[in-house]
Structure formats: structure tokens, C-alpha cells
Amino acid sequence: MSKTPDLSRFGEIEVDPKFLFPYSPKKTGKYANVPYPEYPDPSGSGLAAIDFLGQFTMSEGRAIGEPIDQALAPFQVRAIMALFGHRDPVTNTRYFRSADFICPRKNAKTFLAAIIALLFLYSGQEKSNEIMIAATSQKQARRTLMLLLGILRSSEARFGELRVQEHIGTITHIPTNNTVTAVVADAGKIWGSSPGVIIADELHSWEGEKGHALWQSLVTGQGARRNPLCITTTTVPEKPSAADSVFSERLRYSLDVMKGERKDARHLPMVWLTNQ
């Protein structure tokens, strides 16, 4: 029987300064198929995160019942390894502060959001952390929450550490007091909250002034957190988004980082598009 991964490896660690700026994007094509760099995992934090997911099984889909660490697609492994394994040698905390995951439909985007939320829920890096999954519709917010609950229930031992308040869309990890909350994004209601981790789902539907107000209310609330992270997960819309929409701005930002035209070593861009 394998030893349970040490969750403390998600937390504060020391990293050799040579890993400060490993990101050097390669230009092969205008937008698509840009090779993603291999980020360092000197302390094994990224591998510990992958191993921890092995305590849970897939709750739906073709791989139902299979341990999650064995069912992950390569791009999902890269995302988790980068987010949890790459560390800042100055502050000894997770290196990335923002990430964009933009892909076509039917690429398990919601599943990726759910397992990232799961890892932060159990992580001891910052206790009493608030992980907020924000969507523009009740249906999408509940979809992500129910997928996460299905995964959590696959491990009886780990599920026993939780308090579930499904009626308000909240899951609390009792030992750390970390919470995951799935909410319908509303600038008036979110303003004043202080989430340590934001997962903004289906960003392409955050349109117009309302979309910008939602985005600002979320990201400005992270100022009180020592190691904040803002993740967007979205499919590519069927119709082109307005040039000034939140989605278009995030897409341009990530593409510029990927192409090396903008320097932001604390942003993780993972974008899959055609050249059209």
C-alpha cells in the first residue's frame, strides 16, 4: 500500500534561485501549437499534487471509477505541475499568480477547474483560504460544484474531513478551514469578498460593462492574500467576442505572453486555438 502523500509539500518550501525565470516560450506558428515549457518541480510539490489526486476516482465519463492521477490528460498534468510545483525562490510560495486555460469545447475544462479547486481545498499553504468558483449562470456554477462533490465522495476517508452545505454551494475542509464556494458572479454581491483563489468559469460569457465589473470585483478582492491566484477556464465562443470584452483581453494577454511579446513570468498561458 502506497504512503499517503505529504500535503505539507504544497506549502512553504525553499527553491534554488536558478529557477526564478525558467519560462522561455518558443515561436512555432502564429498562435496554435506553441510548445509549453517544462516548469521545474525541485521539491516534488507538483508530483505530490498529482499523487494526492490518486486518492480519488473519476465520477463520470468514459474513465469512471479510474484513479484520477491515471486518468489525467497530458495538458492537465502540465497545468497542475506548473501551478503547484513551480515555486518562487524569494517568497517560497507558488510562483504563478494568474493562468488562462482557453480551449475548444469538450476538452474537460470543467473537470480541470474542479480538481484544481479540490487541491486548494485540502492544501495547507494558506489556512482559512477561500476558493471561489465564479460563473455567470446558476446552471454552470452548480455543474462545477456537483462534479467536484462527485469526485470528493469517491474517497470516504477524505470526504469525512469535509462539511458540505450544498444549499449555499459551499464545501469546507474542517482541518484547514479552507472553503470552496460556487457562486453566480454578481459584482454587487462579490464586492468585499477576499478569495485567495479565483476560478472564473466560461469567461467568454462575461460580456460588456457587467463583465468588466465582475472581473474587477473579483481580482481587486485578492489584495489581502499573500499568495493569490486567479484562473480563467473557458471554451472558445462560437461567435467572435467584442474586442473590449474580458475574454478578448485575456486571450490577447495570454497569446502575447506565449509569443514572447509581453514579459510576465508569473502568468501561465495555456491556449489551444486554430490559426484562423
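Everything here concerns the structure above.
Computed from a prediction, not measured in an experiment: that's the story for all the values here.

Calculation criteria
- Residues numbered from 1 in each chain as written.
- Predicted model: local features only at pLDDT ≥ 70, side-chain atom pairs only at ≥ 80, totals over all residues.
- Heavy atoms only, no water.
- Helix = DSSP H or I, 4+ residues; strand = E, 2+ residues; numbered from the N terminus.
- Buried < 20%, exposed > 50% of the residue type's maximum accessible area, 1.4 Å probe, protein only.
- Pairing = 2+ DSSP bridges.
- Phe/Tyr/Trp six-rings, centres within 6.5 Å; stacked < 30°, edge-to-face > 60°.
- Lys NZ or Arg CZ within 6 Å of the ring centre and 35° of its normal.

Novice: Any chance you could break down unusual backbone geometry for me, citing the residues and the numbers?
Specialist: Located in the positive-phi region is Ser-128, a residue other than glycine, with phi close to 60°. Phi is positive for Asn-177, which is not a glycine, with a value near 65°. With respect to the helices and strands, Asn-177 occurs in the loop between strand 4 (170-173) and strand 5 (178-184).

Novice: How would you explain the pairing of strand 8 (residues 267-271) if you had to name every residue and give the values?
Specialist: Among the five residues in strand 8, five count as buried, and that is most of the element. The alternating pattern of strand 8 places His-267, Pro-269 and Val-271 and Leu-268 and Met-270 on opposite faces, both of which are buried. Across five bridges, the pairing between strand 1 (residues 98-103) and strand 8 is parallel. Bridge pairing in strand 8 links Ile-102 to Val-271.

Novice: Before we move on, can you summarise the packing of aromatic side chains with the specific residues and values?
Specialist: Taken as a whole, this structure holds five aromatic pairs when the rule is applied. Judged by centre distance (6.0 Å) and plane angle (50°), the rings of Phe-56 and Tyr-122 are tilted. You can see Phe-56 sitting in the loop between helix 1 (45-53) and helix 2 (68-71) and its partner Tyr-122 sitting in helix 4 (residues 109-122), a full 66 residues away along the chain. Comparing Phe-56 with Tyr-122 shows no difference in burial state: the two are buried. Consider the rings of Phe-84 and Phe-120, whose centres lie 4.8 Å apart with planes at 40°: the pair is tilted. You can see Phe-84 sitting in helix 3 (residues 74-85) and its partner Phe-120 sitting in helix 4, a full 36 residues away along the chain. Assessed through its relative accessible area of 4%, Phe-120 is described here as buried. One aromatic cluster in this structure is built from Phe-52, Phe-56 and Tyr-122. When the ring centre of Tyr-253 is taken as reference, the NZ or CZ atom of Arg-250 above it lies at 5.0 Å. The cationic tip of Arg-266 hangs over the ring face of Tyr-95; the distance from NZ or CZ to the ring centre is 4.4 Å.

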